[in-house]
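Notes for the structure review
Below are the chains, spelled out letter by letter.
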Amino acid sequence: MVPQVSADPAGIIDYPRRLEPHQLYFAFGGGVGRFGTNFTVFHLNGVSVWIDVGSGFANHHTPGMEKNLPNRQLLLGFPPTAIFLTHGHEDHIGALPHLTEVIPVGTPIFASPFTTALLTVRLKERGIDPGRWDFRLIEQDSDVGIGPFRVSTFFMPHSIPQCFSVGLEVMLPHGKKRIYFSSDFKLRGSEVRHKVQNIKKFAPVDFLFIDSTGSLHEGETMAEREVDETLERLISRTPGRIFITTFASQVERIKNIARIASGLSRPIGFLGRSLKSQWEAAFISREVTAPLHLQKPPSYAAQNAIWLVAGCQADKNSSFSRLTHGTLAKMRLKPGDTLVYSASMIPGNEGKIYEALNLAADAGARVVGVSGDTRVHTSGHGKRGDIERLISYLKPRHILPVHGDPLHFHAFLEFIDQKKLPVTVTEGHRIYALGDAPVLVESVPDETCLVEAGEIHFDATLYRERIHLAEEGVCFVVLEPDRFAVSAISYVGVMSAQFLETMYPRLLNTAQQAALAAAQSAPRNREKKLRDFLSKLHEELIGKNPYIKIVTPQVMAAAAETPVASLDSARETSEVEP
Ligand SMILES: [Zn+2]
Ligand SMILES: [Zn+2]
């Protein structure tokens, strides 16, 4: 069962606190100031238009988290009148399976056929009936009325099929306002529905919300066609097995590789479930002409096979990770093989990707594409040249960079001439009024929904504890409550067994003295006093500040009998105690 954000969190939704009639508002529940969880809402007179509702992934601050979702206060504070999903990347649609209690049955969801097919597959896999929402297919540039909003869509090239920008036109007491929300885009590509003249017709706009991901780089983002040409040359000159890892959503590239393989009469196979589900969505939405099961996979022994490998970010258990770590059934890398890294490394994943590529090199495979100058990958995000070109098409009065970290926003401010064109850097978890310029109305508590192990929770205490435990370990203080006396102490992950052996008498003795001293205080202060004292003691004696857990002898005895991994280690440590 997929955990759901509750629609009735017992009156703890306080925002928005006050909305004026005839005032246009917008808010970001994520995706601005930190990558992932893209969620934007535009609101006027009780009508809320959502653009994207994505998920984000764990980083070093949230070890063990499965994914996170946008701000709960904003998801529930602005119930959707209609939702526009610009494309099928997880950071734009990944929250939807967790929002069945938040998005009312029958809510219209506007999305391209590919995005709809992809989402339908995902919802069904999770046991959710896609029929609960009213999917409306956007097959070409079009427009639709949602209350006071006229919403237009404009197809844009990106790194997944059928991505569109959203234009909003709205009548206000002081006149009409036009907003263009680019979503993820580049300009050089082969999205057949992309019509520059339609974008130009929408100009001039009052506000341009623009993807700033590529703003660190000069020039224009390379077209997919150039990658296609490089791969064709590479594959035709490379004998032996070729393994190509890329993002599963790069349907166009995968299609090109399949075409190249067929032209060279080389068999092609797919390793990984995500490649298969993306291909299925591509087939349903007619991006590809054959379903995957019609293509006979090559035999594992075929020495001229081309294998597409899912999991280019080297996630644990992905095909790429298993192939390089040598744990994939019937498939081992060996001298004579070539591994093509046709992807980019998402910040934070570099360590595990390099580890995987090193293992492949160690196994004797030739590794191509890591340096980035082999042109076997192009980004889906426009660089400075693309950004400037889109600005020239739309002639905005005001610009708001979105889809980026502070690093990207600062780069954006550097290359846009703000004397000619005002730029406002906004933040997530804030509600803004949109008059002549964006004005902050109120800040909303950061209630990012954190999904892990079948539950959704809302504060990061768990991860702070987990990081503390990983770095400092835990100290069990066995305290007899009647006498307030320490009878033993035990450690997990704090110091080596040998060091503990030398330090134990001193640590135990000092802990016992500390308990004696704390016992003189009022009963309600005793534990805190003991804990504070022990923190200082550990810092001074061993240079560590372990998490201190006070337990009774009965609890400790029961824990030592419980066959749970973490408690087993507690027992192991206690065995070396004198
Ligand atoms: Zn995207
Ligand atoms: Zn994105």
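Because the structure is predicted, anything quoted here is derived from the model rather than measured. (Residues numbered from 1 in each chain as written. Chains lettered and ligands numbered in written order. Predicted model: local features only at pLDDT ≥ 70, side-chain atom pairs only at ≥ 80, totals over all residues.)

Attention shifts here to the sheet that holds strand β13 (residues 242-245). Taken in spatial order, the five strands of this open sheet run β14-β15-β13-β16-β17, and their pairing is parallel. One side of each edge strand has no neighbouring strand; the edge strands of this open sheet are β14 (268-271) and β17 (366-368). When strand polarity is set aside, the average angle formed by the axes of neighbouring strands in this sheet is 20°. For strand β16 (residues 338-341) and β17, the ladder comprises three bridges, and the chain directions are parallel. Bridging from a neighbouring strand, Thr338 pairs with Arg366 of β17. This element, helix α6 (residues 251-263), spans β13, β14 and β15 (306-309) of the sheet and lies at about 170° to β15. (Pairing = 2+ DSSP bridges. Helix = DSSP H or I, 4+ residues; strand = E, 2+ residues; numbered from the N terminus. Axes fitted to C-alpha atoms, helices over the stretch in contact; angles between N-to-C directions. Contact = placed C-beta atoms within 7 Å.)

Given 3.6 residues per helical turn, the α-helix brings residues three or four places apart onto the same face. The first and last C-alpha atoms of helix α5 (residues 224-237) sit 20 Å apart over 14 residues, in line with the 20 Å expected at 1.5 Å per residue. Burial in α5 covers these residues: Glu224, Val227, Leu231 and Leu234. Within α5, the buried residues cover an arc of 85° as seen down the axis, which keeps them to one side. Set apart from the buried face of α5 by more than 90 degrees, the exposed residues are Glu226, Arg233, Ser236 and Arg237. In this fold, the buried residues of α5 make contact with α6, β16 and β17. (Expected span 1.5 Å × (residues − 1). Buried ≥ 20, exposed ≤ 12 C-beta atoms within 10 Å, placed from the backbone. Arc of directions from axis to C-beta.)

Let us now look at unusual backbone geometry. The amide bond that connects Tyr15 to the next residue, Pro16, takes the cis arrangement and shows omega of -5°. Looking at the secondary structure, you find Pro16 in the segment before β1 (25-30). In this chain, Ala203 is followed by Pro204 through a cis amide linkage whose omega measures -5°. The residue Pro204 is located in the loop between α4 (196-202) and β12 (207-211) in this model. Located in the positive-phi region is Thr37, a residue other than glycine, with phi close to 45°. Residue placement: Thr37 occurs in the loop between β1 and β2 (39-44). A positive phi angle, close to 55°, is found at Ser265, a residue other than glycine. For Ser265, a count of 7 C-beta atoms within 10 Å corresponds to the exposed category.

The next subject is the nonpolar core. In summary, soluble globular proteins display a tendency toward joint burial of nonpolar side chains. Ranked by size, the top nonpolar core spans 121 residues in total, and within it Val49, Leu308 and Val309 carry the most contacts. Mapped onto the domain boundaries, this core takes at least three residues apiece from domain 1 (25-219 + 380-457) and domain 2 (224-368). Aside from chain neighbours lying at most four places away, what touches Val49 is Val41, Phe42, Thr81, Ala82, Phe84, Ile146, Phe149 and Val151. Within the second largest apolar cluster, 19 residues are counted, among which are Val478, Ile489, Val494 and Ala515. (Core = buried A, V, L, I, M, F, W, Y, C linked by C-beta atoms within 7 Å. Domains from an automatic or database assignment.)

Hydrogen bonding along the main chain pairs the strands of a sheet, whether they run parallel or antiparallel. Pairing within the open sheet is mixed, and its six strands lie in the order β8-β9-β10-β11-β12-β18. At either margin of the open sheet sits one strand with a lone partner, and together these are β8 (142-146) and β18 (398-402). Direction aside, the axes of adjacent strands within the sheet are offset by 20° on average. Pairing of β8 with strand β9 (residues 149-156), which is carried by five bridges, proceeds in the antiparallel orientation. Note that in β9 the partner of Ser142 across the bridge is Thr153.

Before going further, it helps to spend a moment on the packing of helix α13 (residues 497-518) against helix α14 (residues 523-542). It is at 9 Å that the axes of α13 and α14 come closest, and there the two elements cross at 150°. Considered as vectors, α13 and α14 are oriented roughly antiparallel to each other. When the axes of α13 and α14 are compared, the crossing they make is right-handed. Between α13, through Met503, Arg506, Leu507, Thr510, Ala511, Ala514, Ala515 and Ala518, and α14, the contact on the second element is made entirely by Arg526, Lys529, Leu530, Phe533, Leu534, Leu537, Leu541 and Ile542. When grouped by side-chain class, the residues that make up the contact of α13 with α14 number 12 nonpolar, one polar and three charged. (Parallel < 35°, antiparallel > 145°, perpendicular 65-115°, else oblique. Left-handed = near helix turned anticlockwise from the far one by under 90°. Nonpolar A, V, L, I, M, F, W, Y, C, P; charged D, E, K, R; others polar.)

The assigned domain composition of the protein chain is domain 1 (25-219 + 380-457), domain 2 (224-368) and domain 3 (473-575). Placing a centre on the C-alpha atoms of domain 1 and another on those of domain 3 gives a separation of 51 Å.

Attention now goes to the pairing of β18. Where burial is concerned, most of β18 is hidden: four out of the five residues are buried. Relative to β18, β12 is paired through five bridges, and the arrangement is parallel. Bridged to Phe207 within β18 is His398.

Moving on, we come to the environment of Gly106. Looking at the secondary structure, you find Gly106 in the loop between α2 (90-93) and β6 (108-111). For Gly106, a count of 9 C-beta atoms within 10 Å corresponds to the exposed category. Sequence separation between Gly106 and Trp133 is 27 residues, and the spatial gap between their C-alpha atoms is 4.5 Å.

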